[in-house]
Amino acid sequence: MSSSRGGNGRGGGEGERQIHVLAVDDSSVDRAMIARILRSAKYRVTTVDSGKKALELLGLEPDVNMIITDYWMPEMTGYELLKRVKESSELREIPVVIMSSENVPNRINRCLAEGAEDFLLKPVRPSDVSRLCSRIR
């Protein structure tokens, strides 16, 4: 688990709410890329490498404003994570965005029907992130 480091002089000013995004991906390369895009847009980012760790973190730190998760991961897919979040009375209001490198229409539709905010195709671009994050301000 990694969290954005404090003291770097970036992010919101005093008293300004900083949007906290949980990025979930088993690929360290993809995790680093999405975290870099989010941090460049001044969001607070926490990254984890599995759906299981995401649920553990959400139990400890429920101040997450958005979850961006990969679809295909070992142990728990992004779809299963989405379902668990949406079934939880404490977490269901958190928008969940699914990412995948595969464009499979019935998978995309299933995720959206289950409550996903959006479904992004990898590689995720800064314009994708700014469009999503504008919805949660």
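Residues numbered from 1 in each chain as written. Predicted model: local features only at pLDDT ≥ 70, side-chain atom pairs only at ≥ 80, totals over all residues. Heavy atoms only, no water.

A.B. asks: How would you explain the overall build of the protein if you had to name every residue and give the values?
C.D. replies: When helices and strands are tallied, the protein shows five helices and six strands. Reading the helices (α) and strands (β) of the protein from amino to carboxyl end gives β-β-α-β-α-β-α-β-α-β-α. A total of 137 residues make up the protein; the buried ones form 45% of that total. Expressed as a percentage of contacts within the protein between residues at least 6 apart in sequence, the contacts between residues at least 24 apart total 63%. Accessible surface, the protein: about 7300 Å² in total, of which carbon and sulfur atoms supply 47%. (Helix = DSSP H or I, 4+ residues; strand = E, 2+ residues; numbered from the N terminus. Buried < 20%, exposed > 50% of the residue type's maximum accessible area, 1.4 Å probe, protein only. Contact = heavy atoms within 4.5 Å. Areas by Shrake-Rupley, 256 points an atom, 1.4 Å probe, with all protein chains shown as cover.)

A.B. asks: So what's going on with the packing of helix H2 (residues 51-60) against helix H3 (residues 78-87)? Which residues, and what values?
C.D. replies: Axis separation between H2 and H3 bottoms out at 9 Å; the angle between their running directions is 25°. Regarding the angle of H2 to H3, the classification is roughly parallel. The way H2 lies across H3 gives a crossing that is right-handed. Contacts between H2 and H3 involve Gly51, Ala54, Leu55 and Leu58 on the former and, on the latter, Leu81, Arg84 and Val85. Across the contact of H2 with H3, the residue classes tally to five nonpolar, one polar and one charged. (Axes fitted to C-alpha atoms, helices over the stretch in contact; angles between N-to-C directions. Parallel < 35°, antiparallel > 145°, perpendicular 65-115°, else oblique. Left-handed = near helix turned anticlockwise from the far one by under 90°. Nonpolar A, V, L, I, M, F, W, Y, C, P; charged D, E, K, R; others polar.)

A.B. asks: Give me the lowdown on unusual backbone geometry, citing residues and values where you can.
C.D. replies: Geometrically, the link from Lys122 to Pro123 is a cis peptide bond, its omega value of 0° lying close to zero. Position of Pro123 relative to the elements: it lies in the loop between strand E6 (118-121) and helix H5 (126-133). Even without glycine at this site, Glu75 takes up a positive phi of about 70°. Structurally, Glu75 is set in the loop between strand E4 (66-70) and H3.

A.B. asks: So what about the pattern of salt bridges? Which residues, and what values?
C.D. replies: If charged atoms from side chains of opposite charge come close, those side chains can pair. Overall, the coordinates contain ten salt bridges when judged by the stated rule. Of the charged contacts in the structure, one is a salt bridge between Asp30 and Lys122, with a shortest N-O distance of 2.9 Å. One end of the pair, Asp30, is in helix H1 (residues 28-40); the other, Lys122, is in the loop between E6 and H5, and 92 residues separate them in sequence. Judged by relative accessible area, Asp30 falls into the partly exposed class, the value being 22%. Linking Lys122 and Asp70 is a salt bridge whose minimum nitrogen-to-oxygen distance equals 3.0 Å. Residue Lys122 is found in the loop between E6 and H5, and its partner Asp70 is found in strand E4; the two are separated by 52 residues along the sequence. (Salt bridge = Lys/Arg side-chain N within 4 Å of Asp/Glu carboxyl O.)

A.B. asks: If you had to explain the pairing of strand E2 (residues 20-24) to someone new, which residues and values would you point to?
C.D. replies: By the criterion of burial, E2 is predominantly enclosed, with five of the five residues buried. Side chains His20, Leu22 and Val24 of E2 all project onto a buried face; the interleaved residues Val21 and Ala23 project onto the opposite face, where all are buried too. In this structure, E2 lies alongside strand E3 (residues 44-48), joined through five bridges in parallel fashion. Residue pairing in the sheet places His20 in a bridge with Arg44 of E3. In this view, the connection linking E2 to its parallel neighbour E3 by way of H1 has right-handed handedness. (Pairing = 2+ DSSP bridges. Right-handed = clockwise from strand over helix to strand, strands pointing away.)

A.B. asks: I'd like a description of the nonpolar core, backed by residues and values.
C.D. replies: One finds Leu22 and Ile67 to be the most contacted residues of the largest nonpolar core, which totals 24 residues. Of all the elements in the fold, those that place two or more residues in this core are E2, H2, H3, strand E5 (96-100) and helix H4 (105-113). When neighbours within four sequence positions are excluded, Ile67 is seen to be in contact with Leu22, Val24, Leu58, Leu81, Val85, Ile94, Pro95, Val96 and Val97. Formed by 18 residues, the second largest nonpolar core is a distinct cluster that contains Ile19, Leu38, Ile68 and Leu120. (Core = buried A, V, L, I, M, F, W, Y, C linked by side-chain atoms within 4.5 Å.)

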